[in-house]
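The residues making up each chain are set out below.
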Amino acid sequence: MKLWGGRFEQGPSEVFQRFSWSLHFDRRLFEADILGSQAWARALARAGILTEAEAEQLCRALTEVPPPPADAPDEDIHTYVIRVLKEKTGALASKIHTGRSRNEQVSLDTRLWLRGTIDRCAARLRGLMAALIDAAAPHTATVIPGYTHLRRAQPVTWAHYLLAYFEMFQRDHERLRQARARVNVMPLGSGALAGCGFAVDREALARELGFDGITANSMDVSADRDWALDFLSAASLLMLHLSRLAEDWILYSSEEFGWLELADGVTSGSSLMPQKKNPDSLELIRGKCGRVFACFTSLFMTMKGLPLTYNRDMQEDKEPLFDAADQTESALEMARAVVETAQLRPEAARRAAAEGWLVATDLAEALARSGVPFHDAHQLVGRLVLESVRTGRKPQDWTGAALHDFDPRFAPGMAELLHPEKGLATRLAPGGAAPQTVAAALAEARRRLESIS
Ligand code: ARG
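(A) Region of the structure containing the overall build of the protein chain. Within the protein chain, the secondary structure is distributed over 18 helices and 6 strands. For 453 residues, the compact-globule formula gives about 22 Å, and the C-alpha radius of gyration of the protein chain, at 30 Å, lies well above that figure. Here the protein chain holds 453 residues, and the buried ones make up 49% of them. Across the protein chain, contacts joining residues at least 24 apart in sequence account for 75% of those joining residues at least 6 apart. Here the protein chain carries 53 positive and 59 negative side-chain charges, and the mean point of each set is 1 Å from the other.

(B) View of the pairing of strand β2 (residues 151-157). In this structure, strand β1 (residues 143-148) lies alongside β2, joined through 6 bridges in antiparallel fashion. Opposite Ile 144, over in β2, you have Val 156 as the bridge partner. Hairpin connection, β1 to β2: the antiparallel pair is bridged by 2 residues, and His 149 has positive phi, about 55°.

(C) Expanded view of the environment of Thr 426. Structurally, the position occupied by Thr 426 is in the loop between α17 (420-424) and α18 (435-451). Looking at Thr 426, the relative accessible area reads 34%, which means it is partly exposed. A sequence separation of 11 residues divides Thr 426 from Thr 437, and the C-alpha atoms of the two residues are 9.9 Å apart. Within polar-contact distance, the side chain of Thr 426 engages the backbone oxygen of Gly 423 at 2.5 Å.

(D) Local environment of the packing of aromatic side chains. The final tally for this structure, using the stated rule, is 13 aromatic pairs. Taking 4.7 Å as the distance between ring centres and 65° as the angle between the ring planes, the aromatic pair formed by Trp 113 and Phe 322 counts as edge-to-face. With Trp 113 in helix α6 (residues 102-136) and Phe 322 in helix α12 (residues 318-341), this residue pair connects regions lying 209 residues apart in the sequence. Residues Trp 113 and Phe 322 agree in their burial class; the two are buried. Ring centres of Tyr 161 and Tyr 165 lie 5.6 Å apart, and the angle between their planes is 70°; this geometry places the pair in the edge-to-face category. With Tyr 161 and Tyr 165 both in helix α7 (residues 158-183) and 4 residues apart, the pair spans about one turn of that helix. For the pair Tyr 161 and Tyr 165, one class covers both residues: buried. An aromatic cluster is built from Tyr 147, Trp 158, Tyr 161, Tyr 165, Phe 169, Trp 249, Tyr 252, Phe 257 and Trp 259, whose rings are joined through pairwise contacts.

(E) Summary view of the nonpolar core. Phe 231, Leu 242, Trp 249 and Trp 259 are the most contacted members of the largest nonpolar core, which totals 116 residues. Examining the composition of this core, we find that 15 residues originate from one element, helix α10 (residues 226-252), more than from any other. Ignoring any residue separated from it by four or fewer positions in sequence, one finds Trp 259 in contact with Ile 144, Pro 145, Tyr 147, Trp 158, Tyr 252, Gln 343, Leu 344, Arg 345, Ala 348, Ala 349 and Ala 352.

(F) The site of the ligand, seen in detail. As a matter of local geometry, the ligand sits amid Ser 22, Asp 76, Arg 102, Asn 103, Val 106, Tyr 310, Gln 315 and Lys 318. Contact distances for the ligand include 2.3 Å between an oxygen atom and a side-chain N or O atom of Tyr 310. Lys 318 places a polar side-chain atom, nitrogen or oxygen, 2.6 Å from an oxygen atom of the ligand. Contact with the protein chains covers 86% of the free accessible surface of the ligand, which is 340 Å². Grouping the constituent residues of the shell around the ligand by class yields 2 nonpolar, 3 polar and 3 charged.

(G) View of the pattern of salt bridges. Counted according to the given criterion, the structure contains 38 salt bridges. For Lys 277, the salt bridge is made with Asp 264, and the minimal N-O distance between the two is 3.1 Å. Separated by 13 residues along the polypeptide, Lys 277 in the loop between β5 (260-261) and α11 (280-303) and Asp 264 in the loop between β5 and α11 bring together distant segments of the chain. Across the pair Arg 369 and Glu 365 runs a salt bridge, and its minimum N-O distance is 4.0 Å. Remark: Glu 365 and Arg 369 occur in helix α14 (residues 360-369); sequence separation between them is 4 residues, near one turn of the helix.

(H) Region of interest: the packing of α6 against α10. Contact geometry of α6 with α10 gives a least axis separation of 11 Å together with a crossing angle of 20°. The pairing of α6 with α10 is recorded here as roughly parallel in orientation. α6 and α10 meet at a crossing whose hand is left-handed. For the pair α6 and α10, contact is made by Ser 107, Thr 110, Arg 111, Leu 114, Ile 118, Cys 121, Leu 125 and Leu 128 and by Trp 227, Ala 228, Phe 231, Leu 238 and Leu 242, respectively. Among the residues making up the contact of α6 with α10, the classes are represented as 10 nonpolar, 2 polar and 1 charged.

Rules of the game
Residues numbered from 1 in each chain as written. Predicted model: local features only at pLDDT ≥ 70, side-chain atom pairs only at ≥ 80, totals over all residues. Heavy atoms only, no water. Helix = DSSP H or I, 4+ residues; strand = E, 2+ residues; numbered from the N terminus. Rg over C-alpha atoms; globule rule 2.2 N^0.38 Å. Buried < 20%, exposed > 50% of the residue type's maximum accessible area, 1.4 Å probe, protein only. Contact = heavy atoms within 4.5 Å. Lys, Arg positive; Asp, Glu negative; His and termini not counted. Charge placed at Lys NZ, Arg CZ, Asp CG, Glu CD. Pairing = 2+ DSSP bridges. Polar contact = N/O pair within 3.5 Å; in protein donor to acceptor, adjacent residues only side chain to side chain. Phe/Tyr/Trp six-rings, centres within 6.5 Å; stacked < 30°, edge-to-face > 60°. Core = buried A, V, L, I, M, F, W, Y, C linked by side-chain atoms within 4.5 Å. Near = heavy atom within 4 Å. Areas by Shrake-Rupley, 256 points an atom, 1.4 Å probe, with all protein chains shown as cover. Nonpolar A, V, L, I, M, F, W, Y, C, P; charged D, E, K, R; others polar. Salt bridge = Lys/Arg side-chain N within 4 Å of Asp/Glu carboxyl O. Axes fitted to C-alpha atoms, helices over the stretch in contact; angles between N-to-C directions. Parallel < 35°, antiparallel > 145°, perpendicular 65-115°, else oblique. Left-handed = near helix turned anticlockwise from the far one by under 90°.

Take a look at the structure:
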């Protein structure tokens, strides 16, 4: 069924149909299209175009429209719904497009669908944040090596590390909520581009469909998809964070690092090498991140340079949007399962933090506290590390006396700082890695998690 025809002497060619039809992907908007059409029928009744009885009849018939079968011969989801509605209600269905264009319908349907999708993503993200907090709780004082440049840098705690991701994910959660606010504005009543000439109550439509308000400009409605890009941008950042977590954990669980154990349930073996336990779940999260970025840039490229208002190019918005949403949702579910089942090996982590001169900064800072200018202290500890590297000594191989012999500016008590716990305990400033500070940060993170929906 076509929604036009009077102007044409011939129908669309087979190749054009194959090329341009979108039902195979925009079928996802089926439920939204039904809801929107019912609301529009009621709005037309309030505007005096339909009688109450006619609107009722249309609404009832719309509830009886089944999801499109695989072989439905229709251009898109909107055309499909109208065709079936016509089969059910005859001439009455012809009235439902009064004052309504597919341009606003597609905006409405996509917004309704995206609103639900954002809510699902936000709920999954919240679940992941809760899993991070649970994983952090027993480890506010558990020492792990912290890295910069992927070189051992300073001791931190496992909880402090996990809470770093909690912070990133909380901002992602905020961005999803902000995107939702821009998505949740009601476009119906904009016509094809110039607005609606019938007395539809747009505010009532918005209330009925659960929107926070109505769009302010009809041309904007038919022209823009920035609200979809807002979601894709938020999803891209979220995936970026997931990808970095995945990368970290692939490394930390490797034989080379060896202080994190991934559960059997989220890893796979090799068809050839019997010893392998591969972090495929994390690799796929990292891989899907690239795919979501591609969806984001895809829609950006589609929109760039389009003359106002609607252009058919914009039909290309849906596949990247749907795909990005699917990948983000599934990556969140997977990440949560990995976080919930991973086991830290605290002794191995502590060993890595204790033997790699991560305590060098602690020593230099102790010297600074004793009055040695920090630059000189830095030089002195640097020489100590060089000497140790030359002679194959680890921090624990030094006694207080040996340090004092090396340079009398080392006071005997400073040998305590060769244990990573000592220096760690000094990092008490808010936001730092001291166990006591981390415990407070954890409690605060829990409070924040409870305040978000
Ligand atoms: N399938 C189209 C889309 O997604 C619906 C809008 C069609 N509008 C039009 N003027 N051809 O963009």
